[in-house]
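One-letter residues, chain by chain:
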Amino acid sequence: MKHHPVPTPISLSPLVWALLAALALIWGSSFLSNRAALAGADVFTVVFIRVSIGAVLLWLWVAFRAIPVGRDARMIVHFAVMGLLNNAIPFTLIVWGQKHIDSGLASILNASTAIFGALIAALVFRDERLSARKALGIAIGFAGVIVAIGPGALGGFDLTSAGQIAILGAATSYGFAGAYARFATRKMRPEVAAAGMLTGGALWTLPLMLVFEGVPQLDFAPSVWAAMIWLAVGCSALAYLLYYRILALAGAANLALVTLLIPPVAIVAGWAVYGERLGWAEMLGFILLAIGLAILNAKPAQRPPAPKTP
């Protein structure tokens, strides 16, 4: 998913709104696809297939467009770190978490990425100091997380609680990825950075899949294959290309709107396909999160963080 500070909204063209809606639909559908893939595949297998196929497709795009890659050896290190923080860790935690919680709740908790990102940036960068406005936005956002989870969840800790914490762990990892990407990817073409990150994610998840789940037999049901292919083609490769197209047309600030569009898509999709129903606490938590993000992003930041994929 994707998470950038937004200033006071400005008028956007119909094309930008259409692209934002398309990106929200794609990333919102990733939660539904995760659940469908888990019906026949294990966690690391789902993640590896997603990032490896996505990486291949983006490298093919880079080659087709003759985009310069660069020869700085440090890029390999950056790809490895970003692949870990932006793909391997969060994708794994989200997929595992969705074994125990509904898609809609997972998407709401994942929206806290912007809250964690702002807090981490304030701790790491001097020009991202925690102003009163930011502190208020973060506080309200965290209140939304607590309400969505339920204050008593940790009192009776179970797999549902663990699943919720896993999604928050993914959001935290995205926050660290954004801070790292601020300097690591500034000299890279965005398509190269995206392809490199997915490649790094594949290299991290491959040994984990082989050790804990073995070589996949690839005899998955058509619905499982369809879900995993969509995660790779749509939610990874195509989503990154849409992301950077919107970034070029409307800027990072307006791109942040997709953060608040994703949970409604995931909530409706989970209800329509699996009959998932969220309670008042989850919905109130999302409203508080949205208010917190609006306060937090009332003014534009100087630099955008890296893209986040649910």
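Preceding this section is the structure that the text describes.
These numbers were taken from a predicted model, which means no experiment stands behind them.

### What about the overall build of the chain?
At step 1: The helix and strand tally for the chain stands at 11 helices and 0 strands.
At step 2: In the chain, the succession of α and β elements from N to C terminus is α-α-α-α-α-α-α-α-α-α-α.
At step 3: Whereas a compact globule of 310 residues would reach a radius of gyration of roughly 19 Å, the chain reaches 18 Å, a difference of no more than 12%.
At step 4: Projecting the C-alpha coordinates of the chain onto the three principal axes gives extents of approximately 50 × 45 × 35 Å.
At step 5: A total of 310 residues make up the chain; the buried ones form 53% of that total.
At step 6: If you take every contact in the chain between residues at least 6 apart in sequence, the share linking residues at least 24 apart comes to 91%.
At step 7: Carbon together with sulfur atoms contributes 70% to the accessible area of the chain, which is approximately 13600 Å² in total.
At step 8: Averaged over its 20 positive side-chain charges, the chain has a centre that lies 16 Å from the centre of its 11 negative ones.

### Section: the environment of G54
At step 1: With respect to the helices and strands, the residue G54 is situated in helix α2 (residues 43-64).
At step 2: Accessibility expressed as a relative area gives 0% for G54, which makes it buried.
At step 3: Distance from G54 to W230, taken between C-alpha atoms, is 9.7 Å for residues 176 residues apart in sequence.
At step 4: If we skip the residues at most four places from it in the chain, G54 touches L198, A232, S236 and A237.

### A word on the packing of aromatic side chains
For any pair of aromatic rings, the description consists of the separation of the ring centres together with the inter-plane angle of the planes.
At step 1: All told, the structure shown has 9 aromatic pairs when counted by the stated rule.
At step 2: Ring geometry for F116 and F142: centres 5.2 Å apart, planes at 80°, overall edge-to-face. One end of the pair, F116, is in helix α5 (residues 113-124); the other, F142, is in helix α6 (residues 132-149), with 26 residues separating them in the sequence.
At step 3: F142 gets classed as partly exposed once you look at its relative accessible area, which sits at 24%.
At step 4: For the ring pair Y240 and Y244, a centre distance of 6.4 Å and an interplane angle of 15° mean the geometry is stacked. Residue Y240 and its partner Y244 are located together in helix α9 (residues 222-255), separated by 4 residues, close to a single helical turn. For the pair Y240 and Y244, a shared accessibility class is recorded, and that class is buried.

### Section: the environment of L278
At step 1: Its place among the elements puts L278 in the loop between α10 (257-274) and α11 (280-296).
At step 2: Distance from L278 to D102, taken between C-alpha atoms, is 8.4 Å for residues 176 residues apart in sequence.
At step 3: If we skip the residues at most four places from it in the chain, L278 touches G104, L105, I108, I267 and M283.

### Some remarks on the nonpolar core
At step 1: Within the largest apolar cluster, 78 residues are counted, with the highest numbers of intra-cluster contacts made by L23, L109 and M228.
At step 2: No other element matches the 14 residues that α9 contributes to this core.
At step 3: Excluding its chain neighbours within four sequence positions, the residues that come into contact with L109 are I101, V145, A148, I149, Q164, I167, L168 and A171.
At step 4: Residues M75, F79, M188 and V192 belong to the second largest nonpolar core, which totals 7 residues.

### A look at unusual backbone geometry
At step 1: With phi around 55°, A66 is a residue other than glycine that occupies positive phi space.
At step 2: Looking at where A66 falls in the secondary structure, it is placed in the loop between α2 and α3 (74-97).
At step 3: In the Ramachandran plot, L218 falls in the positive-phi region, its phi being about 65° despite a non-glycine side chain.
At step 4: By secondary structure assignment, the location of L218 is in the loop between α8 (190-212) and α9.
At step 5: We classify L218 as partly exposed; its relative accessible area is 48%.

Rules and cut-offs
Residue positions are counted from 1 within each chain, in the order its sequence is given. Totals for whole chains, interfaces and linings use every residue, but because this is a predicted model, local features are given only for residues with pLDDT of at least 70 and side-chain atom pairs only at 80 or more, for both listing and counting. Only hydrogens and water are set aside when side-chain values are computed; all heavy atoms of the structure are taken into account. In this text, helices come from DSSP runs of H or I with a minimum length of four residues, and strands from runs of E with a minimum of two, each type numbered from the N-terminal end. As defined in this context, the radius of gyration uses C-alpha atoms, and a globule is described by 2.2 Å times the residue total to the power 0.38. Any residue under 20% of the maximum accessible area for its type is buried, any over 50% is exposed, and the rest in between are partly exposed; the area is computed with a 1.4 Å probe on protein chains only. The contact definition used throughout considers only heavy atoms, calling two residues in contact when any of these lie within 4.5 Å. Method for areas: the Shrake-Rupley scheme with a 1.4 Å probe, in which residue coverage is limited to the protein chains shown. For the purpose of charge, His is not counted, nor are the chain termini; Lys and Arg are scored as positive and Asp and Glu as negative. Note that the charge is assigned to NZ on lysines, CZ on arginines, CG on aspartates and CD on glutamates. The criterion for an aromatic pair is that two Phe, Tyr or Trp rings (for Trp, the six-membered ring) have centres within 6.5 Å, with stacked assigned to planes under 30 degrees apart, edge-to-face to planes over 60 apart and tilted to the rest. Definition used in this section: a nonpolar core is a set of buried Ala, Val, Leu, Ile, Met, Phe, Trp, Tyr and Cys residues joined via side-chain atoms within 4.5 Å.

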